[in-house]
Amino acid sequence: MLFENKVVLITGAAGGIGIAAAKAFAKEGAKLALVDLRREPLEQAAKSVDAKDILLLTANVSNENEVKEYVQKTKEHYGRIDVFINNAGINGEFKNITEQTEENFKNVFGVNVMGVFFGLKYVLQIMKEQKSGAVVNTASNGGLLGAPGMSAYVASKHAVIGLNKTAALEMAEYGVRVNAVAPSGVNTEMMRRIEKNALGDKADEARKAFEASVPMNRYATAEEIADLMVFLASEKASFISGSYYRIDGGQGATSV
Amino acid sequence: MTNLDGKVVIVTGGASGIGLATAKAFLDKGSKVVIGDYNKEAGKKVEEELKAEYANVLFVPVNVAEEKSVENLVSVTVEQFGRLDVIFNNAGIGVQTPTHQLTDEEYKRVIAVNQDGVFYGIKYALREMLKTGGGSIINTSSILGTVGEPTSIPYAASKGAINLMTKSVALEYADRNIRVNAVGPGFIESGLVNKEALGDFYDGLVAKHPIGRLGKPEEIAHAVIFLAENDFVTGTTILVDGGYTAK
């Protein structure tokens, strides 16, 4: 097993990718700390995860003190943090830039950028001291491409790519690796919200159009993303740092 | 997730370095592996060594710069093992010559092996994968497919070409269950690249990798296995470069 007794901290753990990641790391022998905004969905999600030890923590990742707290509690409970899946994110409202609101932009940046930054700040303090650790940030295809109506999300995920590279460079001498995953649409509840935001009651049509934009003509499964996260966090990826890995059914092959 | 147990895999440039480490990684997964290499002596020796441990391994001499030779590699594979599921187009060479002194022969030789060789590998692998309804093609690119490097134009040009062949072929066959990806290593320790052989130049190479060392062939092999197993990754070059391109 790749993560026997290793401590894996996952944010956005009640969401589709988060749950799949929790299961995948648990299968590899990891002890888990799972973070999400609300207790109830988190407890619900944790029920499906068969790990030897699970710590559940609630936090609003856009609040620095709450991030500091979930990191501290994880460290107190397990004594260390080996892997950080910096995954919490929101899609925001679907609006063109001409109609975009400051409020929506700030909400999205609060979770997707500040949340990722705060997570890095406090987890990397611990990994730096340990002189070991691996971080996987959840970026997106939207961190590399544009998407009409999703300016806040797209800009926030571009920011994650920049944080990812910089954190990797700053941590390289401490034996801490930092990488990102960049998925296209994943078949999760977030995608259901994006479909609804895009075309309202014609959400089925939105789904067909989104899937057709992927050369493999389907969404990713959350398990496929979790598989990539496990790879990047594992010793198998010991020479990989500062990279973002596309997992997008070929969508990126039509762009830079 | 694709289970690699029993899958038939070709690895070109398989008698040494990244190729050999990857051939072993596939054998450890239970795959049947055909090692193609230009160096017959090394290939025979590797075949002998591996046969002591693994039942399904075969060496076939190949010059990937010649279309007929690659066609033969694929057809011998299919004769022997019945099908082709994965090809790792890995054979490659480099030169380090100032561009104003680079000869036409040197330039064309690198392009022929690195770029034409990958095209031939893709072409004949596709023909088999279309018959069986799918497969995975993985090409060895380099950080120099993405970033530049002095005195390396045919190498960098060929690796840039590999990145775009990878994208184009991935798009072309995405609807037929054939995935096409590349792995982009940083500088890797090998028979030719080590402190003893290169001295100060080696230290300079290490300094370019934020991680503070060069990569190992096994670290590239892990990435190739990942690409062969994960079913949603296609059309991409994954970098395994110790942070080289994050700077």
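Residues numbered from 1 in each chain as written. Chains lettered and ligands numbered in written order. Predicted model: local features only at pLDDT ≥ 70, side-chain atom pairs only at ≥ 80, totals over all residues. Heavy atoms only, no water.

J.: Please explain the packing of helix α1 (residues 17-28) of chain B against helix α8 (residues 217-229) of chain B as it appears in this structure.
T.: The relative placement of two packed helices comes down to the angle between their axes together with the axis-to-axis distance. Residue and element names in this part refer to chain B. Where α1 contacts α8, the axes come no closer than 8 Å and their chain directions differ by 50°. Considering the angle they form, α1 stands oblique to α8. In the crossing of α1 with α8, the sense of the turn from one axis to the other is right-handed. Contact with α1, carried on its side by G17, I18, A21, T22, A25 and F26, involves P217, E218, I220, A221, V224, I225 and A228 of α8 and no other residues of that element. Across the contact of α1 with α8, the residue classes break down as 10 nonpolar, 2 polar and 1 charged. (Axes fitted to C-alpha atoms, helices over the stretch in contact; angles between N-to-C directions. Helix = DSSP H or I, 4+ residues; strand = E, 2+ residues; numbered from the N terminus. Parallel < 35°, antiparallel > 145°, perpendicular 65-115°, else oblique. Left-handed = near helix turned anticlockwise from the far one by under 90°. Contact = heavy atoms within 4.5 Å. Nonpolar A, V, L, I, M, F, W, Y, C, P; charged D, E, K, R; others polar.)

J.: Where do I start with the packing of helix α8 (residues 222-233) of chain A against α8(B) in this structure?
T.: At their nearest, the axes of α8(A) and α8(B) sit 11 Å apart, and the two run at 175° to each other. As summarised for this structure, α8(A) and α8(B) are arranged roughly antiparallel, according to the angle between their axes. Residues A:D227, A:L228 and A:F231 of α8(A) lie in contact with α8(B), whose contacting residues are B:H222, B:A223 and B:F226.

J.: Explain helix α1 (residues 16-27) of chain A to me, please; I cannot follow it from the model alone.
T.: Working note: α-helix, 3.6 residues per turn, so residues spaced by three or four point in the same direction. All names here are of chain A. Over its 12 residues, α1 extends 17 Å from the first C-alpha to the last, a length consistent with the 16 Å expected when each residue adds 1.5 Å. At its buried positions, α1 is contacted by β1 (7-11), β2 (31-36), β4 (83-86) and α8. One or two positions beyond α1, positive phi appears at G29, with a value near 90°. (Expected span 1.5 Å × (residues − 1).)

J.: Quick question: what am I supposed to make of the pattern of salt bridges here?
T.: Note on pairing: side chains with opposite charge can pair once their charged atoms come close. Residues and elements named next belong to chain A. Scanning the entire structure with this criterion turns up 23 salt bridges over all chains. Where K121 meets E64, a salt bridge forms, and the shortest distance between an N and an O atom there is 2.8 Å. Of this pair, K121 sits in helix α4 (residues 102-130) while E64 is found in helix α3 (residues 64-78), placing the two residues 57 residues apart along the sequence. According to the relative accessible area criterion, E64 is partly exposed, its value standing at 27%. Between K106 and E102 there is a salt bridge whose closest N-O contact spans 2.5 Å. Within this pair, K106 and its partner E102 are both found in helix α4, separated by 4 residues, close to a single helical turn. In this structure E102 comes out as exposed when scored by relative accessible area, which is 56%. (Salt bridge = Lys/Arg side-chain N within 4 Å of Asp/Glu carboxyl O. Buried < 20%, exposed > 50% of the residue type's maximum accessible area, 1.4 Å probe, protein only.)

J.: Would you take a moment to explain the sheet that holds strand β6 (residues 176-183) of chain A for this structure?
T.: Backbone-to-backbone hydrogen bonds join strands into a sheet, with any given pair of strands oriented parallel or antiparallel. All names here are of chain A. With parallel pairing, 7 strands are arranged side by side in an open sheet as β3-β2-β1-β4-β5-β6-β7. The sheet is open, and its two borders are formed by β3 (54-58) and β7 (244-247), each paired with just one other strand. Across the sheet, the mean angle from the axis of one strand to that of its neighbour is 15°, orientation sign disregarded. Bridge count for β2 against β3 is 5 bridges, and the pairing is parallel. Along β3, the bridge assignment pairs D36 with T58. Set on the sheet, α1 makes contact with β1, β2 and β4; between it and β1 the angle comes to about 170°. Packing of helix α5 (residues 151-171) onto the sheet brings it into contact with β5 (133-138), β6 and β7, and relative to β6 it is tilted by some 160°. (Pairing = 2+ DSSP bridges.)

J.: Would you take a moment to explain the interface of chain B and chain A for this structure?
T.: Accessible area lost when the parts come together is the quantity often used to give the size of an interface. The interface of chain B with chain A comprises 33 residues on the first partner and 33 residues on the second. For the pair chain B and chain A, the summed buried surface comes to about 2700 Å²; carbon and sulfur atoms form 66% of the total. The tally of links between chain B and chain A comes to 0 salt bridges. Broken down by secondary-structure element, the contributors of at least two residues to the side of chain B that touches chain A are α5 (153-173), α8 and β7 (237-240) of chain B. Here the element with the most residues in the side of chain B that touches chain A is α8(B); it accounts for 4 residues. Taken together, the residues of the side of chain B that touches chain A sort by class into 16 nonpolar, 9 polar and 8 charged. (Buried area = accessible area lost by both parts, 1.4 Å probe.)

J.: Looking at this model, I keep getting lost on helix α2 (residues 40-51) of chain B. Mind explaining?
T.: All names here are of chain B. Here α2 is 12 residues long and its end C-alpha atoms lie 16 Å apart, about the 16 Å a rise of 1.5 Å per residue gives. Turning to α2, its buried residues number three or more, namely G43, V46, E47 and L50. An end-on view of α2 places all buried positions within 105° of arc, on one side of the element. Facing away from the buried side of α2 by over 90 degrees, the exposed positions are E41, K45 and E48. Buried-residue contacts for α2 involve α1, β2 (32-37) and β3 (57-61). (Arc of directions from axis to C-beta.)

J.: Just checking my understanding: could you explain the confidence of the model for chain B for this structure?
T.: Averaged over all residues, the pLDDT of chain B equals 97, while 100% of them reach at least 70. In the model output, the complex is listed with pTM 0.96 alongside ipTM 0.93. (pLDDT = per-residue confidence, 0-100.)

J.: Quick question: what am I supposed to make of the packing of aromatic side chains here?
T.: Aromatic ring pairs are defined here through the distance separating the ring centres and the angle between the ring planes. Applying the stated criterion across every chain, the model contains 6 aromatic pairs over all chains. Arranged with centres 5.0 Å apart and planes meeting at 70°, the rings of A:F3 and A:F25 form a pair that is edge-to-face. Placement of A:F3 in the segment before β1 and of A:F25 in helix α1 is noted, with a sequence separation of 22 residues between them. The class for A:F3 is buried, based on a relative accessible area of 3%. Considering the side-chain rings of A:F117 and A:F118, the 5.3 Å spacing of their centres and the 45° angle between planes classify their relative orientation as tilted. Since its relative accessible area comes to 33%, A:F117 is described here as partly exposed. A cation over a ring is seen here: B:R109 above B:Y38, with NZ or CZ 5.8 Å from the ring centre. (Phe/Tyr/Trp six-rings, centres within 6.5 Å; stacked < 30°, edge-to-face > 60°. Lys NZ or Arg CZ within 6 Å of the ring centre and 35° of its normal.)

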